[in-house]
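# Coordinate analysis (summary)
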Amino acid sequence: MAKHDAPESTDDIRDLLAHLLAGAAGRTEAHWKKLIGEVTALPIVFHPRSNWRIEPKGKPAELEAIAKAAEIVRQAHPYVPSPRSK
């Protein structure tokens, strides 16, 4: 189950983005998850503004919607646990 109030993982961020997009732009959450792709956690020491990124795909209007949703989510939830060093 997605944690929309306090995402704790990259999967939670992806779920939140898909939920937001499905409500605002229509289509299903599954459709948006496919376009969002994987959410990648980055080492926070090198990415102080936000330590997650996405590499979405889709049509220009879909990419714009995803970018706007990502900025909204990033403002509220800029960090997920950083990947562990090996």
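A short tour of the structure in this document, coming up.

About the criteria used
Residues numbered from 1 in each chain as written. Predicted model: local features only at pLDDT ≥ 70, side-chain atom pairs only at ≥ 80, totals over all residues. Heavy atoms only, no water. Helix = DSSP H or I, 4+ residues; strand = E, 2+ residues; numbered from the N terminus. Axes fitted to C-alpha atoms, helices over the stretch in contact; angles between N-to-C directions. Parallel < 35°, antiparallel > 145°, perpendicular 65-115°, else oblique. Contact = heavy atoms within 4.5 Å. Nonpolar A, V, L, I, M, F, W, Y, C, P; charged D, E, K, R; others polar. Buried < 20%, exposed > 50% of the residue type's maximum accessible area, 1.4 Å probe, protein only. Arc of directions from axis to C-beta. Polar contact = N/O pair within 3.5 Å; in protein donor to acceptor, adjacent residues only side chain to side chain.

Once that is clear, we can look at the environment of Pro60. By the element assignment, Pro60 lies in helix H3 (residues 60–76). C-alpha of Pro60 to C-alpha of Asp11: the two residues are 49 residues apart in sequence and 24 Å apart in space.

The N-to-C vectors of helix H2 (residues 29–36) and H3 enclose an angle of 90°; their axes lie 11 Å apart at closest approach. As judged from the angle between their axes, H2 and H3 are roughly perpendicular. Packed against H2, whose contacting residues are His31, Trp32, Leu35 and Ile36, the element H3 presents Glu62, Ala65 and Ile66 at the interface. Each residue belonging to the contact of H2 with H3 can be placed in one class, and the counts come to five nonpolar, one polar and one charged.

Along an α-helix, residues three or four positions apart point the same way, because every turn accommodates 3.6 residues. If you check which residues of H2 are buried, you get His31, Trp32, Leu35 and Ile36. Axial view of H2: buried residues confined to an arc of 130°, hence all on one face. Facing away from the buried side of H2 by more than 90 degrees, the exposed set consists of Ala30 and Lys34. Each element contacted by the buried residues of H2 is listed here: helix H1 (10–25), strand E1 (39–41), strand E2 (52–54) and H3. Count one or two residues on from H2 and you reach Gly37, which has phi positive near 75°.

The next thing to look at is the side chain of Arg74. Looking at the element boundaries, Arg74 is found in helix H3. Separated by 2.9 Å, the side chain of Arg74 and the backbone oxygen of Trp52 make a polar contact. Look past the residues within four positions of Arg74 in its chain and what remains in contact with it is Arg49, Ser50, Trp52 and Arg53.

A word on the environment of Lys34. Among the secondary structure elements, Lys34 is positioned in helix H2. Given a relative accessible area of 62%, Lys34 falls into the exposed group. Residues Lys34 and Tyr79, spaced 45 residues apart in sequence, show a C-alpha to C-alpha distance of 22 Å. The residues contacting Lys34, other than those within four sequence positions of it, are Arg14 and Lys57.

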